Each structure stands twice: as C-alpha cells, then as structure tokens.
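Okay, here's what each chain looks like letter by letter:
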Amino acid sequence: MKNLLFLCYLFVCWQSALANYFIAISSTPKYQLNDTKFSYVQKNINTIGAVSLPAIGYFDSLYPFALKNQGAMASDYLLYDTLFSQSMDEPLVAYGLIAKSVSISEDEKKVVFTLNPNATFSDGSRITADDVVASYKILVSSGSHPRYINYYKDILAVQSNALHTVEFILRNKNPELPFIIATTIPIFSKQWIADGVVSTLSNKQPISSGAYLVDKYQFGKFIVYKRNENYWARSLLVRNGMFNFSKITFKYFKDPTIALQALQSGDIDWISESNSKRWATAYNRGGFITSSLVAREFHYDNNAGMQGFSFNLRKLKFQNKNVRKAIALLFDFEWANRHLFYNQYVRSASYFSNSIFGAKSNIQIPESIKNEFGNEVLYDSAYYEKILSSDFENRLKESLRLMEDAGVKSMNIELPLVQGGFERILHRYAYYLSLIGVTLRYKVYDFALYQQKINKFDYDMLVVTFPSGERPGNELYNYFHSKSVNIEGQDNYTGISNTTVDRLIDIVVRSNNSSALLKSTNLLDRVLMSQWLVVPNWYLNYHRVAYSSSLKHPSVLPKYYNALEWMLTTWWIEK
C-alpha cells in the first residue's frame, strides 16, 4: 500500500490490473477504504426541510448536456451521479460511487470499472454496464454539447464485459482521462434515453441516478427537486451526511438584482454574490442584512483560471497582436478596483490564476517557440502584472505607438453583455479606448439571444472565463485547440488556431508526473499570455455568500469547491 500511495504523487493512481476504491492525479488519497465520512461533512444533523435558491436566465430542458437547450440549474449534479465522486478537500482525488472500483492496464490504454451491485436508479432498476455504455454514447452524440467530444476524444471504444463491468479502451496514453471518465460522465438509464435522440429528452421526466428527483417545474420559471428517500448510496463515504434538504427549489430571475430583492423579502434562502458593488454596499454597509440573514466570505484554494475581455480572432481587425495589446493596455484595473470593486479583486496575469501552474518560474524556452511568438514568451506572470499596472500615461503612449505601427487609425468594437453590472466597468474603458481611435459599444442582451451570439461566435469581444480544474488538462482542447475553433457552441471564444499551441496542449494533457506538468503549463501560459488573446480581468480566492440564519454549514470548510455544490451537498436547516 505504501508503494501504491507513493505512485499517486507521480501518476493517475492505480495498481496495474488490480482494482482500487479511489482514483487520483498527483495526489495521495486522504481517505481509506473503511472511512465513512468526509472531514468537511457534519455529523448528526437535521435532514428535514426545504430550501429555495435563485437561478438567473431561463431553462428549457431536463437534459442539461445539450447544445441547443439550457438545462435546469443543478440538474446535472442533483439528478445524475457519476462512477466516482470527487472529494472537496483534496486536489483531484475521487472515490467510488456508482462504481466500487477501477483498474487500469499496464499500457494505460484500458480502464475497467466494476459497478456497485447495490446501485439503482430512482425507479428501482439496477444500474448496469449497459447503462454506462448508453450514457457515454448519448453524451458524445449529435445534439449533446460538442465539448464532450473533446473531453473524451481519446476514447476509442466502450463496452460492457459483464452485468457490472464496463471497459473503456483509449487511443493514446492520457494520464488525466481515466479520472475524467470516472468523475464526469453522468449515468443515465438506458430506458430513459431510449432511442438515443437528445431532442426527445427535453421534456421527459428523468429516471434519476442521483440523490434527487424532479418534483415539478415550469420552463423558465422554477424547478423543484425532491430527495429520493430510497437513494441507495446514502451510507457511502462520498454521500454520507450529505443532501440534507427534503426539497430544493430554484426560482428563475431575469437579473441578479431582482434575486437579491427576493433574498431580502424571504422568497429565497441563499445567494452567491458575483457583483463587488452589491457585496460591499447592499450586504455589509447599512444594507438589508438583519438578524435573520448572514453575509460571509468563504475562502477557497481553487485554480481561478482566467477571466477577461476576449478578442475574437476570427475577425480580421484583431489579427494583429499589437492591436490587441494596445487595447488591453488601456483597461485601468487599479482604478476600477479602487472605485468600483472596493479593492476586492486581484488582477489576473495568468491562465492558471491562484495556482502553481502559471508562468511563475524560469524555464528554458525552445528557440522555435521564441521565434514564433516573440520575446514576450520569455517573461513570467510578474511581467504582465507590472506592465498592466504601470503608469497609465506610459501605457497610453505605448498603445498609441502600437496602433500607429499597425496602421490602424480607427476601429469599432461590439461587445455583448448578459448582465448590466459590466456597464459601469466598460464606460470608463470605452473612454480610454476612444483616445486611440477605438469606439467600444456594449449592450445587454436577453439571455437566450446572448447565448445564440456566443454559440455562433457573433461578437467582436466578449466577457469570458476559462475555468481550470486543480490539474489543467482536457478542457484546454475546448478553449484553445484548433479543432474547436469553428465548431458551434465550443468554448474557443478567442478563435485561436495555432499548431504549436495544439502541440503544447497535447503535452500538458499527457504529462504523467508533477514536474513535467508544471513545465508544460508554464510554457503554455507564457505562449497564451504573449499573444494578448484577452484583456486580463481579475479573480477572487473566496466565495461571497448571503443566506438565511436558519441555514447551517459544517464547521470545517473544504479547499476546492464550488459554492453552490458545497451548499447543496453539506448544508442543512436548523431544527
């Protein structure tokens, strides 16, 4: 066992051809086979009561994995379990849920899951290997979101070897893929998906493999989930002490401000705040917080990725890197942080913010990389932190010079928005851009129309996030790989298409030890930053949450977590 744990530091953890109760990437598992509860889950708590939560926008489908439809809030997590479930207090370690064990062949091209024979769907039928195969097939079929094809592109075949044994055959060695398979494929009943046509599932009552069922709903208005009191996995390590609400209601609002008013009136019980001004003024400075409401910040160690104003390189106007840099230099984050954000944020200077994976250490840069991408590829994150926060007058002079060198005297930019909070940020930025001949126009769109524009890449610039897991990997194919550049609905917002970047992504994904991974992400980060694909924004290392005082949370916080999933998983209502 000691030798096995040592291997976990270096590889996706397995013992060749022997079954394991966990799977890990570059981590030693904290929990043993006989452990019964995660340390961030509270003991002996109330499991009765209903909670109401906000959702922004709309939904029109009970199948949340489609391209053309919008799934109901949290339906992916509440209705559909995966083979393994990830711990929130370890980086990239998962333990058995629908599958009780996993084994990986010595050549790393065969992954075999043995299902828990007690696993059942909400209708009482057993979960079998055929259900897993059918789930994978519909997830990579036409109609499902194309991002899943990229996630699983190295899967050659999936087959059921026995009633409770399913085998994934891989095209290539991919150290991250077994973990992705284990933790991201939602398990559907083959009876529910029937003919395998995604469009038939939008309004079809799900047969759940998760802890909840759909009680009632009205598209675009609300959805109510009720707990499955016969949920088979309640006593497992990955579920013990969790899902403590009898009913969970999501009420849909057009705008976060209206959701905030609903919290104030008692119409909802919990909210995760994304707007710095509202957090600083409405909650904690003479706003509506009373003895019945609590506002608190919860620290996390998540990889924050990158948020920014993305350029759309599909547009001819943004083909010149100097033009992109000139525009990026004029966003005055320091002013915005002081006057608009109440000093809550940290400037992003890496595509792997708040993590160890960015360009933070010196590495040898291949001459071919330097020749292709220029001298800025030599610089680490500190360089971008410095030039993006240098004296504004100097940045303005440099922007004017870059535009003159590019031969650009004027330019119009359209930037669609989905929420009004960014208007106050862009107002001053638009003025600064006018000084170099750039006219920035921004407009708030209805959510459905906004989503259509994104799916069709119908924008000049866009507010985007590139979230990253605790180990950067297959999501990079969606964000920056050439194969995703012209596929409708993909997440390649910038439109980058570069064979060298493609190769670097392959190296990151196939890095099979910590040293190789750090070097490859360091180099990829340098290349992406040097190309000025986005105007870097900002990030937080804590969640801003307000909630009813009747809601309680565990005293021990996890480390790597989404605020909503943590709340749904571990909170409860005080008796």
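Residues numbered from 1 in each chain as written. Predicted model: local features only at pLDDT ≥ 70, side-chain atom pairs only at ≥ 80, totals over all residues. Heavy atoms only, no water.

1. Things to note about the overall build of the protein
Threshold: The helix count covers DSSP runs of H or I at least four residues long, the strand count covers runs of E at least two residues long, and both are numbered beginning at the N terminus. It is over C-alpha atoms that the radius of gyration is taken, and the globule rule equals 2.2 Å times the number of residues to the power 0.38. For every residue, the accessible area (1.4 Å probe, protein chains only) is compared with the maximum for its type, and the residue is labelled buried under 20%, exposed over 50%, or partly exposed between those bounds. Between two residues, a contact is recorded if the distance between any of their heavy atoms is within 4.5 Å. Using a 1.4 Å probe, the Shrake-Rupley method yields the accessible areas, and only the shown protein chains count as cover for residues.
Counting its secondary structure elements, the protein contains 19 helices and 23 strands. What you see for the protein is a C-alpha radius of gyration of 24 Å, in line with the 25 Å of a compact globule of 575 residues. If you line up the protein on its principal axes, its C-alpha atoms span 70 × 60 × 45 Å. Evaluated residue by residue, the protein yields a buried proportion of 57% over its 575 residues. In the protein, once contacts between residues fewer than 6 apart in sequence are set aside, the share between residues at least 24 apart is 72%. Of the roughly 23300 Å² that the protein leaves accessible, carbon and sulfur atoms contribute 50%.

2. Observations concerning the confidence of the model for the protein
This is how it is decided: For every residue, the predictor reports its confidence as pLDDT, a number between 0 and 100.
With 96% of its residues at a pLDDT of 70 or more, the protein shows a mean pLDDT of 93. Note on residues 1-12: pLDDT under 50 across the span, and 35 contacts to partners over four residues away in sequence or across chains.

3. Thoughts on the packing of helix α7 (residues 256-265) against helix α8 (residues 276-283)
What describes two packed helices is the angle between their axes and the distance between those same axes. Rule in force here: Working convention: axes come from line fits to C-alpha atoms, limited for helices to the stretch in contact. Angles between N-to-C directions cover 0 to 180 degrees. These descriptions rest on fixed angle ranges, namely under 35 degrees for roughly parallel, over 145 for roughly antiparallel, 65 to 115 for roughly perpendicular, and the rest for oblique. Should the near helix be turned anticlockwise from the far one by less than a right angle, the crossing is termed left-handed; should it be turned clockwise, right-handed. Gly falls in the polar group here, along with every residue not listed as nonpolar (Ala, Val, Leu, Ile, Met, Phe, Trp, Tyr, Cys, Pro) or charged (Asp, Glu, Lys, Arg).
Here α7 crosses α8 at 25 degrees, and the two axes come no closer than 12 Å. By the angle class used here, α7 and α8 are roughly parallel. Between α7 and α8 the crossing geometry is right-handed. Contacts between α7 and α8 involve P256, T257, L260 and L263 on the former and, on the latter, R278, A282 and Y283. Of the residues in the contact of α7 with α8, the class split is five nonpolar, one polar and one charged.

4. Description of the sheet that holds strand β18 (residues 461-466)
Short version of the rule: Strand pairing requires that DSSP identify at least two bridges connecting the strands.
Taken in spatial order, the three strands line up as β18-β14-β19 in an open sheet, and their pairing is antiparallel. Of all the strands in the sheet, the pair left with one neighbour each is β18 and β19 (534-536). With strand direction ignored, the average angle separating the axes of adjacent strands in the sheet is 35 degrees. Two strands pair when backbone bridges link them, and strand β14 (residues 306-311) and β18 are joined in this way by six bridges, in the antiparallel orientation. Opposite F311, over in β18, you have M461 as the bridge partner.

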